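Listed below, chain by chain, are the residues.
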Amino acid sequence: MGQSLSDEQTRPRSREELVHELAIRFKDKCFTPLEFYSFQDVFKNLADQQGSVRYLKEDTIARFLEIPDILGSSPVIFQMVSYLGAFPFLDEAPVVLEFPHMIMVVVILTERYKTVLAKGVTDRNKLLFKSLAVYDRKAAEAGSSLPAPEGTSGEEAKAPATPSAPGFTIDKAVDEPDEDDDDDLVLTAFELLDIDEAVKQGDQPKFHGAMIPTDNFRKLVMLLLLVAPLGPQESLSQYSGRVIGDNLESLRATAENIVAAFVDVEDSPGIKYNRFRTVISALVPNVFVGFNGLFERFLFSKDLDFSKRKQQDEKPKEEEEQEEEEEEEEEELPKMAQPLVLKNGEILHEHTLAQISFFLPGSSLFRRVRLLYSGNDAGFSMGSFQTKVFNWRAPTILLVRGSRIGDIPDGGQEVSFAERLPPKRFPDGCKGEQLTFGVYVKEPWKHTHKECFGDAETVLFQLEPIHDVFRASTINTDYVSFTKPPANEPVLAFGSPHPRPSKSSRRNGNLSLGPVSLVLDDSFEFAVFNHDFGTRGGAFHTSPIRKYNFQDRFQIESLEVWGCGGDEEAQAQAASWAWEAREAEARRKINLGTGDIDADRALLEMAGLIGANRSGGSMG
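Within each chain, residues carry numbers counting from 1 in the order of the written sequence. Where local features are concerned, this predicted model is filtered to residues with pLDDT of at least 70; where side-chain atom pairs are given and counted, the filter is 80 or more; whole-chain, interface and lining totals use all residues. Only hydrogens and water are set aside; all other atoms, that is, all heavy atoms of the structure, feed into the side-chain values.

- By the naming in an unreviewed UniProt entry, the chain is Restriction of telomere capping protein 5, taken from Hapsidospora chrysogenum.
- Per UniProt, the chain carries the Function (unreviewed entry) text "May be involved in a process influencing telomere capping."
- Its UniProt record gives the chain a comment under Sequence similarities (unreviewed entry), which states: "Belongs to the RTC5 family." UniProt positions are given in the numbering used here, feature names are shortened, and annotations may be inferred rather than shown by experiment.

Laid out in structure tokens, this is it:
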């Protein structure tokens, strides 16, 4: 008997037992008891059953998460979760999505993974790449039938686990020598299970040489833009207006700009891992944040609203039935979320804001930006810019859009602008006639007389036709300069040396361009972005994806400044504007010459110009 018990204790655990044990560890570390109870309830209500196996199908997941059909991203999401559900035994992917596998999916696709996995972000991104990657179209036909997990028949395993988009199979690739075979994320999972040699690293599928098909990734990016602002327990259907008509076309265009950072669609059919890793870490570190709100939906069951249950216990049955009917009617009508932008600008709209949230914190953007200045409304001048922007005491985002101008200037104004630029001319930075650049400025705006302002959190970026981000450097502090005559050359510049004081009222000529800089002329008619890669940057780092010299000159069509902050900042700015308006009105009326000295004196006292030992001059 003792020998039998000893044999049972030393018997190697099966993979099914190990997955079950790891799911329990993940549950204990990542979920509260109420969340786990809700998770069980949600899975029970959603799952299909064949024999003893309860699992989730693709259309069930898509319907529950409310993924719009028009995006075509449901097959991509299902491929991803079917792979992640196999964790840590990735060689079994894709798997039937039973309850333990869905625990893996929810933990990995939300930030809860940080509590259980070492080297979190880096290894998680590698795992996400593997979940999206494919290798060979022909291999899908030969390898479409995968081994069924224990406890299921071949048909049971095939039905829920086969991706809907045919033509590719997952991760059947050859080795690349420049990648490390060890996956620390998987090793950490094995450590949680207290396994040393029971599972070999060689059992993991390798992803070297694999790639993410561009079309699949485009569909995923569209969904990520849509879910970027999604909060806990928020319904994705509330944002249905963002995938209708012109909004859908705008969503596609925004996604295309982001995809352009990952791959040149004309030269390559897919995204390789090295490029994926570089772009994610440097240009869109927050791109997967929207998965938090999307997949945490599994942790909130509608059947477990205890406050409603307590109220219903105290109500008559007829009243309960009436309220249930009313709730069912409300659920049939799609609820609309509060607008992400109170009023869209010519450049900034909900999709652009989601794009910016991929590299700036969404908590300071969604429903918290206000249009301070628009050139087409207030006029393209430094004076109107100053009046609208300088009173905002919180971070701002400047956006400028325009059309590319050629190497040979067309017309007198282009000639005048070209003559002020250094003679050295780099080639264009990317394909596309329309360009959009932006700058995030944390400090309040001010005049710069001798030196620039800004700090290490200032960010220079490009949104169109390619997504790119140029973080602040410490080589110098030439972040932002705003100068007006007569002391200096009038210019609005980012990343360029501060203009030298001018001894005469005449302009001394050339505009100074920093290694990585954006410069707008004083009339806000033309602008130039300069990227001198050979210098390795100045106030801003060079591009991590375009490692060459380029320069984009364009005619400005739209210029906007948006304030980031809450009601407190908006009220402070409104009060400042109101004070300035009263001052301007008082000064305008002082010299009307009414002839009524007492009335004029009262007006001057109201304006604060006389009284308190200030005579205000002769009234005679």
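Now that the structure has been shown, we can carry on.
## Examining unusual backbone geometry
Then, number 1: Following F87, the chain continues to P88 via a peptide bond in cis, the omega torsion being 5°.
Then, number 2: Tracing the sequence through the fold places P88 in the loop between α5 (74-84) and α6 (99-109).
Then, number 3: The step from A93 to P94 runs through a cis peptide bond, and the omega angle for that step is -5°.
Then, number 4: Think of it this way: any DSSP run of H or I at least four residues long counts as a helix, any run of E at least two long counts as a strand, and we number them from the N terminus. Mapped onto the elements, P94 comes out in the loop between α5 and α6.
Then, number 5: Look at E66: it is not a glycine, yet its phi comes out positive at around 65°.
Then, number 6: Locating E66 in the fold gives a position in the loop between α4 (58-65) and α5.
Then, number 7: Burial classes: relative accessible area under 20% of the type maximum marks a residue as buried, over 50% as exposed, and values in between as partly exposed (1.4 Å probe, protein chains only). A relative accessible area of 24% means that E66 is categorised as partly exposed.
Then, number 8: With a phi close to 65°, R536 is a non-glycine residue in the positive phi region.
Then, number 9: Take R536: it is sitting in the loop between β13 (526-531) and β14 (550-564).

## Quick notes on the pairing of strand β8 (residues 459-464)
Then, number 1: Among the six residues in β8, six count as buried, and that is most of the element.
Then, number 2: At least two bridges found by DSSP between two strands is the condition for calling them paired. Pairing analysis gives five bridges linking strand β7 (residues 434-441) to β8, with the strands arranged antiparallel. In the sheet register, T436 faces β8, and the bridge partner there is E464.
Then, number 3: Here β8 pairs with strand β9 (residues 468-471) via four bridges, running antiparallel.

## Focus on the confidence of the model for the chain
Then, number 1: Confidence in the prediction for the chain averages 80 pLDDT; 70% of positions are at 70 or higher.
Then, number 2: The quantity known as pLDDT measures the predictor's confidence residue by residue, on a range of 0 to 100. The contact definition used throughout considers only heavy atoms, calling two residues in contact when any of these lie within 4.5 Å. Between residues 137-182, whose pLDDT stays under 50, and residues either more than four places distant or in other chains, the model counts 83 contacts.
Then, number 3: Low pLDDT, under 50, characterises residues 612-620; the predicted model gives this stretch nine contacts beyond four residues in sequence or across chains.

## Re empty space enclosed by the protein
Then, number 1: Lining residues are defined by having an atom within 4 Å of a point belonging to a cavity or pocket. Those points lie on a 1 Å grid over the protein atoms alone, cavities being sets where a 1.4 Å probe fits but cannot get out and pockets being open sets with protein on both sides within 12 Å along at least five of seven lines. Grid points are joined across faces, edges and corners, and a volume is the space filled by probe spheres set on the points. Evaluated as defined, the whole model comprises one cavity of 30 Å³ or more.
Then, number 2: By volume, the largest cavity is sized at about 40 Å³.
Then, number 3: Considering the residues around the largest cavity, the lining is formed by I405, G406, D407, P409, E414, F417, A418 and R553.
Then, number 4: Residue contributions to the lining of the largest cavity peak at three residues, all from helix α20 (residues 412-419).
Then, number 5: Gly is put with the polar residues, along with every residue not named as nonpolar or charged; the nonpolar set is Ala, Val, Leu, Ile, Met, Phe, Trp, Tyr, Cys and Pro, and the charged set is Asp, Glu, Lys and Arg. For the lining of the largest cavity, the residue count by class is four nonpolar, one polar and three charged.

## Side note on the environment of S512
Then, number 1: Within the secondary structure layout, S512 lies in the loop between β11 (491-494) and β12 (516-521).
Then, number 2: Separated by 92 residues in sequence, S512 and R420 have C-alpha atoms that sit 8.9 Å apart.
Then, number 3: With sequence-adjacent residues up to four places away left out, S512 is seen in contact with S496, P497 and V519.

## Considerations on the side chain of T254
Then, number 1: Within the secondary structure layout, T254 lies in helix α12 (residues 246-262).
Then, number 2: Accessibility expressed as a relative area gives 5% for T254, which makes it buried.
Then, number 3: A polar side-chain atom of T254 sits 2.9 Å from the main-chain carbonyl oxygen of S250.
Then, number 4: Leave out the neighbours within four places in its chain, and T254 touches L225, H349, H351 and Q355. Polar contacts, as counted here, are pairs of nitrogen or oxygen atoms within 3.5 Å of one another; within protein the pair requires one atom able to donate a hydrogen and one able to accept it, and residues that are adjacent in sequence qualify only if both atoms are side-chain atoms.

## Observations regarding the packing of aromatic side chains
Then, number 1: Side-chain rings of Phe, Tyr and Trp, where Trp is taken by its six-membered ring, are said to pair if the distance between their centres is within 6.5 Å; with planes under 30 degrees apart they count as stacked, over 60 as edge-to-face, and otherwise as tilted. Here the structure, examined in full by the defined rule, presents 31 aromatic pairs.
Then, number 2: Ring plane angle 70° and centroid distance 5.3 Å describe the contact between F43 and F99, whose orientation is recorded as edge-to-face. In this pair, F43 is assigned in helix α3 (residues 33-46) and F99 in helix α6, connecting sequence segments 56 residues apart.
Then, number 3: An aromatic cluster is built from F31, F36, F39, F43, F64, F99, F288, F291, F295 and F298, whose rings are joined through pairwise contacts.
Then, number 4: Any Lys NZ or Arg CZ that is within 6 Å of a ring centre and within 35 degrees of that ring's normal is treated as a charge sitting over the ring. A cation over an aromatic ring shows up here: K27 above the ring of F36, its NZ or CZ 5.0 Å from the ring centre.
Then, number 5: The ring of F64 has R297 sitting right over it, with the charged end atom 5.2 Å from the ring centre.

## Some remarks on the packing of α4 against α5
Then, number 1: Axis separation between α4 and α5 bottoms out at 10 Å; the angle between their running directions is 110°. It follows from the interaxial angle that α4 and α5 lie roughly perpendicular. You can see that α4 and α5 cross each other, and the crossing is right-handed. For the pair α4 and α5, the contacting residues are E58, I61 and A62 in the first and S74, P75, F78 and V81 in the second. Axis lines are fitted through C-alpha atoms, for helices just across the contact stretch, and the angle between N-to-C directions can take any value from 0 to 180 degrees. Throughout this description, any angle smaller than 35 degrees is read as roughly parallel, any larger than 145 degrees as roughly antiparallel, any in the 65 to 115 degree range as roughly perpendicular, and the remainder as oblique. For a crossing to be left-handed, the near helix must be turned anticlockwise from the far one by less than a right angle; the clockwise case is right-handed.

## A look at the environment of T458
Then, number 1: Along the polypeptide, T458 turns up in the loop between β7 and β8.
Then, number 2: When its relative accessible area of 1% is taken as the criterion, T458 is described as buried.
Then, number 3: Spatially, the C-alpha atom of T458 lies 8.8 Å from that of F540, the residues being 82 residues apart in sequence.
Then, number 4: Among all residues touching T458, those that are not within four sequence positions of it are V439, Y440, R471, A472, Y479, V480 and F540.
Then, number 5: Looking at T458, its side chain comes within polar contact range of the main-chain oxygen of D455, at 2.9 Å.

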